Amino acid sequence: MKNTGLILFSIVIAMSVYNPSIGQTTTEERFVQKADSILSLMTLEEKLGQLNLPAAGDFTTGQAASSNIAEKIKAGKVGGLFNIKTAEKIRDVQKVAVEESRLGIPLLFGMDVIHGYETVFPIPLGISSSWDMKLIEKSARIAAIEASADGINWTFSPMTDVSRDPRWGRVSEGNGEDPYLGARIAKAMIKGYQGDDLSLNNTIMACVKHFALYGAPEAGRDYHTVDMSRQKMFNEYFLPYKAAVEAGVGSVMTSFNDIDGIPASGNKWLMTEVLRNQWGFDGFVVTDYTAINEMIDHGLGDLQTVSAMALNAGVEMDMVGEGFLTTLEKSLKEGKVTEKQIENAARLILVAKFKLGLFDDPYRYTGAERAKKEVFTPENRKIAREIASQSIVLLKNEGSILPIQKKGTIALIGPLADNRENMTGTWSVAGKFEESVSLHDGLKNAVGDRAKIIYAKGANVVADSLLESRVSIFGKPTYRDNRPASVLIEEALEVAKNADVIVAAMGESAEMTGEASSMTNIELDEKQRELLKALLETGKPVVMVLFTGRPMALKWEDENMPVILNAWFAGSEAGDAIADVLFGDVNPSAKITATFPQNVGQVPIYYNHKNTGRPLPEGEWFQKFRSNYLDVSNDPLYPFGYGLSYTTFEYGDLKLGNTDLKGDQKLQVSVNLKNTGKYDGSEVVQLYIRDLVASITRPVKELKGFQKVPLKAGESKIITFEISTEDLKFYNYDLDFDWEPGEFEIMVGGNSRDVVKGKVNWVK
Ligand code: BGC
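Please read all numbers here as calculations on a predicted model, not as lab measurements.

**Considerations on the overall build of the chain**
Turning to step 1, where the next piece is worked out: From N to C terminus, the chain includes 23 helices and 27 strands.
Turning to step 2, where the next piece is worked out: On C-alpha atoms alone, the chain measures out to a radius of gyration of 27 Å, which is about the 27 Å that the 2.2 N^0.38 rule sets for 764 residues.
Turning to step 3, where the next piece is worked out: The dimensions of the chain, computed from C-alpha atoms along their principal axes, are 80 × 65 × 50 Å.
Turning to step 4, where the next piece is worked out: Taken over 764 residues, the chain has a buried fraction of 62%.
Turning to step 5, where the next piece is worked out: A fraction of 79% describes how many contacts in the chain between residues 6 or more apart in sequence connect residues 24 or more apart.

**Thoughts on the site of the ligand**
Turning to step 1, where the next piece is worked out: Close contacts around the ligand come from 15 residues, with D112, R170, K209, H210 and D288 the closest.
Turning to step 2, where the next piece is worked out: R170 has a polar side-chain atom sitting 2.7 Å from an oxygen atom of the ligand.
Turning to step 3, where the next piece is worked out: Within the contact set of the ligand, an oxygen atom lies 2.7 Å away from a side-chain nitrogen or oxygen of H210.

**A short note on the domain arrangement of the chain**
Turning to step 1, where the next piece is worked out: Segmentation of the chain into domains returns domain 1 (390–602) and domain 2 (649–763).
Turning to step 2, where the next piece is worked out: Centre-to-centre, using C-alpha coordinates, domain 1 lies 36 Å away from domain 2.
Turning to step 3, where the next piece is worked out: Taken together, the contact between domain 1 and domain 2 spans five residues of the former and nine residues of the latter.
Turning to step 4, where the next piece is worked out: For the pairing of domain 1 and domain 2, the buried interface totals around 520 Å² over both sides, and the portion due to carbon and sulfur atoms is 46%.
Turning to step 5, where the next piece is worked out: On the domain 1 side of the contact with domain 2, N587, S589 and K591 bury the most area, a combined 77% of that side's loss.
Turning to step 6, where the next piece is worked out: Here domain 1 and domain 2 share one salt bridge between them.
Turning to step 7, where the next piece is worked out: Applying the counting rule to domain 1 against domain 2 returns five residue pairs in polar contact (both at pLDDT 80 or more).
Turning to step 8, where the next piece is worked out: Residue composition of the side of domain 1 that touches domain 2, by class: one nonpolar, three polar and one charged.

**Some details on the pattern of salt bridges**
Turning to step 1, where the next piece is worked out: Across all of its chains, the model carries 50 salt bridges by this definition.
Turning to step 2, where the next piece is worked out: Here K72 makes a salt bridge to E322, at a shortest N to O gap of 3.0 Å. Of this pair, K72 sits in helix α4 (residues 69–74) while E322 sits in the loop between β10 (318–319) and α14 (323–333), and the two are 250 residues apart along the sequence.
Turning to step 3, where the next piece is worked out: Sharing partners across several salt bridges, the network here consists of K47, E339 and E343.

**Remarks on the sheet that holds strand β5 (residues 207–211)**
Turning to step 1, where the next piece is worked out: Read from one edge to the other, the open sheet built from three strands follows the order β5-β6-β9, with strand pairing classed as parallel. Both outer strands of the open sheet, β5 and β9 (284–286), are each paired with one neighbouring strand and no more. For this sheet, the mean angle separating the axes of adjacent strands, direction not counted, is 25°.
Turning to step 2, where the next piece is worked out: Across three bridges, strand β6 (residues 251–254) lies against β9 in parallel orientation. When the bridges of β9 are listed, V252 appears paired with V285.

**Structural notes on the side chain of S752**
Turning to step 1, where the next piece is worked out: Mapped onto the secondary structure, S752 falls in the loop between β26 (742–749) and β27 (755–763).
Turning to step 2, where the next piece is worked out: A distance of 2.7 Å separates the side chain of S752 from the backbone oxygen of F640, its partner in a polar contact.

**Describing the sheet that holds strand β11 (residues 393–397)**
Turning to step 1, where the next piece is worked out: Overall, mixed pairing links the six strands, which are arranged β11-β16-β15-β14-β12-β13 in an open sheet. Strand pairing shows two members of the sheet lacking a second neighbour, β11 and β13 (451–456), which therefore form its edges. With strand direction ignored, the average angle separating the axes of adjacent strands in the sheet is 20°.
Turning to step 2, where the next piece is worked out: Of the pairings in the sheet, the one linking strand β15 (residues 542–547) to strand β16 (residues 563–566) comprises four bridges and is parallel in character. When the bridges of β16 are listed, V543 appears paired with V563.
Turning to step 3, where the next piece is worked out: Packed on one face of the sheet, helix α23 (residues 574–582) meets β14 (501–507), β15 and β16 and runs near 145° to β15.

**Side note on unusual backbone geometry**
Turning to step 1, where the next piece is worked out: Between L402 and the following residue, P403, the backbone shows a cis peptide bond with an omega angle of -5°.
Turning to step 2, where the next piece is worked out: Along the chain, the position of P403 falls in the loop between β11 and β12 (408–413).
Turning to step 3, where the next piece is worked out: Here the amide bond leading from V603 into P604 is cis, since omega sits at 0°, within 30 degrees of zero.
Turning to step 4, where the next piece is worked out: Structurally, P604 can be placed in the loop between α23 and β17 (649–651).
Turning to step 5, where the next piece is worked out: A positive phi angle is found at A219, which is not glycine, with a value near 60°.
Turning to step 6, where the next piece is worked out: Mapped onto the fold, A219 is located in the loop between β5 and α9 (230–237).
Turning to step 7, where the next piece is worked out: The phi dihedral of F625 is positive, around 65°, even though this residue is not glycine.

**A few points about the side chain of D318**
Turning to step 1, where the next piece is worked out: Here D318 lies in strand β10.
Turning to step 2, where the next piece is worked out: Within the structure, D318 has its side chain in polar contact with the backbone nitrogen of F324 (distance 3.0 Å).

**So, the pairing of β14**
Turning to step 1, where the next piece is worked out: Burial analysis of β14 places seven of its seven residues in the buried class, the great majority of the element.
Turning to step 2, where the next piece is worked out: By the alternation rule, side chains of β14 split into V501, V503, A505 and G507 and I502, A504 and M506, which are all buried.
Turning to step 3, where the next piece is worked out: Examined bridge by bridge, β12 and β14 share four bridges and lie parallel to one another. Bridging across to β14, I410 finds its partner in V501.
Turning to step 4, where the next piece is worked out: Relative to β15, β14 runs parallel, the two being bridged by six bridges. Each residue of the ladder has a partner; that of V503, found in β15, is V543.

**Observations regarding the packing of α9 against helix α10 (residues 239–246)**
Turning to step 1, where the next piece is worked out: Packing of α9 against α10 leaves a shortest axis separation of 6 Å and a crossing angle of 55°. Classified by the interaxial angle, the pair formed by α9 and α10 is oblique. Across from F234, N235, E236 and Y237 in α9, the residues of α10 making contact are L239, P240 and Y241.

**Side note on the nonpolar core**
Turning to step 1, where the next piece is worked out: Of all hydrophobic cores here, the largest spans 134 residues; its most connected members are L51, W154, F211 and F238.
Turning to step 2, where the next piece is worked out: Take this core: its biggest share by element is nine residues, from helix α7 (residues 133–149).
Turning to step 3, where the next piece is worked out: The next biggest cluster of nonpolar side chains, apart from the first, holds 83 residues, and it includes I410, F547, A574 and V586.

**A few points about the packing of aromatic side chains**
Turning to step 1, where the next piece is worked out: The final tally for this structure, using the stated rule, is 29 aromatic pairs.
Turning to step 2, where the next piece is worked out: Plain terms: the ring middles of F211 and F238 are 6.0 Å apart, the flat faces sit at 40° to each other, and that makes the pair tilted. Taken as a pair, F211 in strand β5 and F238 in the loop between α9 and α10 lie far apart in primary sequence, 27 residues in all.
Turning to step 3, where the next piece is worked out: For F238, a relative accessible area of 1% corresponds to the buried category.
Turning to step 4, where the next piece is worked out: Chaining the aromatic ring pairs together yields one cluster made of F211, F234, F238, Y241, W269, W279, Y731 and F737.
Turning to step 5, where the next piece is worked out: Here the basic side chain of K624 rests over the ring of F625, its NZ or CZ set 5.7 Å away from the ring centre.
Turning to step 6, where the next piece is worked out: Taking the ring centre of F730 as reference, the NZ or CZ of R698 above it sits at 4.0 Å.

The rules behind the values
- Residues numbered from 1 in each chain as written.
- Predicted model: local features only at pLDDT ≥ 70, side-chain atom pairs only at ≥ 80, totals over all residues.
- Heavy atoms only, no water.
- Helix = DSSP H or I, 4+ residues; strand = E, 2+ residues; numbered from the N terminus.
- Rg over C-alpha atoms; globule rule 2.2 N^0.38 Å.
- Buried < 20%, exposed > 50% of the residue type's maximum accessible area, 1.4 Å probe, protein only.
- Contact = heavy atoms within 4.5 Å.
- Near = heavy atom within 4 Å.
- Polar contact = N/O pair within 3.5 Å; in protein donor to acceptor, adjacent residues only side chain to side chain.
- Domains from an automatic or database assignment.
- Buried area = accessible area lost by both parts, 1.4 Å probe.
- Salt bridge = Lys/Arg side-chain N within 4 Å of Asp/Glu carboxyl O.
- Nonpolar A, V, L, I, M, F, W, Y, C, P; charged D, E, K, R; others polar.
- Pairing = 2+ DSSP bridges.
- Axes fitted to C-alpha atoms, helices over the stretch in contact; angles between N-to-C directions.
- Parallel < 35°, antiparallel > 145°, perpendicular 65-115°, else oblique.
- Core = buried A, V, L, I, M, F, W, Y, C linked by side-chain atoms within 4.5 Å.
- Phe/Tyr/Trp six-rings, centres within 6.5 Å; stacked < 30°, edge-to-face > 60°.
- Lys NZ or Arg CZ within 6 Å of the ring centre and 35° of its normal.

Here it is as structure tokens:
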């Protein structure tokens, strides 16, 4: 068979390009025509092959693993492969597809490039805290350059699942609880990955996931049931996916969960009515890992039934499960699916390959030279350090203990203090874990011979060894110390007694968040807390550096620790970036994008909640027959949008350009912002709106704008926002998207709680 098909196929493609009857066509239309030419040569089996996406086996997730991949590729039964690393390996596999399959159709090569490739940036929840769209786009751009230099042409990112549940391990992979911010970040990421021209060899196709609502599983348990009203879907959870479609994302991944009783991968309303018909998505839909097969366990029938259901719903590509490959022919014979549907699906995948330029040069992304020059470079690592330092959130700084000075003796204590492998956080599959910068490395690099750094582990990440064994998979060891906890604490106190200041590196390890890493207890492990108590008793200043992939419940820490610096998992340059902040070389400016609860019982707790018919009056803690708890106030520990700086900012009164508006008028909102402290710094100024009376109940506030403003010490600046009726629109009871006249509260502040307010009346 070698190459004969390829020749025939090149002629057909060439004919389609030069066919004078085609006339004036767009690039997109030309790709469709070319794909149709190829389709005309394909057998049913080859068409089905395009819909098949096996895992390559460098590593796998989930249950199924594909075998005999090369044989399948030769037989035309594979459309793409994922999670195979290095340009050389990918080139070899592409060669099999191009030279040894009948038609020589090149493969897509996908990977979970979630927050960087080898240069790892902060986890998405961390990087979202920077509120810096330029930096976020840059992180995706660098990820695309590195991944494409190493053979990858498709990333399973961005993940834009809104989540209000810190128990859910994958809260770390998203952008927090806010749909507006999530939508802005989705756009920035897609721009970074795809650029303006997907066919360039340093841009890659993005895949927004997990469509839809994956971030709202019941009880925060991964893969659990999702049940939600349509209003909530459209007004709150759908926005970031929709923004991704508007930004031209090339592919969409289905979610595992069910929606209104039908899992996403078989849900026609979701995949066809919403995604294609309402939003106009023109790329292809891939399932999540074995998501079609999982519909058997969801209770919807055998593999043939659920595979036909997925195709009928509007799914084009089957990740790992091979239900499409093995059952659709039978379903076709039985009239359960049509050949047209199979062709439509194959066409969209072929078009994606045209967009990526794979038919012009299947080896476009696999030149071995680029990988050596463009991956994990000092320049990329420098930018990763900058982005990391912009993502670290100062939660508390009593007595301005931070920044500390590079002098004297600094005791570095804690289970995350000297652990390089955990710095990159979850879903960092291409990362070079051992080459990450630990906090211990970072402190030493920063002080040189100006100060002495002394170290003790002090505690394990979790006292329970069984739990710890569950969270140290994926090559990120926690280096358990099996001596009794009291011995570890004693040892730490011995070290700490010689110090001027103690830096306590506490929290969770990288895989305590991420897929299938849900937790019901989101507090610090009890032995870590005992260690903190012992360190506090020394009377020395203790700076707690927190490593976490979720908003933890830190009530005790907030009450007892003078300083809490939340480093998240800041990526390959974590240690240097944290040191930059600790020593004041960088003034922290990040703000949390997910509410930190007082305790897990408050979950889900989020700033943009509804008012209820029995709201608690502002400033009150408890009232009988009001919506509150007996044992804890409704307040979060740290509200959405919160984060401190080494300087302080003062907001003047809100100035409204107009308080009575009509129709398409624009509202100017401004506030005087002053840096009242001693340091230069940046403030994330946030704009919120409340629709006071509407035809359906509306949130008490919704983010509608933000600006990150740098101000020198003592400097003031007028910050202005412009609001239009677009910002007032929402999906009403009938799911029509429009604004309703009436009163609106306008709020501006440095977090979602502390705001200056004004009110306007806006008529049609
Ligand atoms: C995850 C996806 C991921 C896929 C491929 C699944 O288990 O849910 O987010 O893209 O695996 O690795």
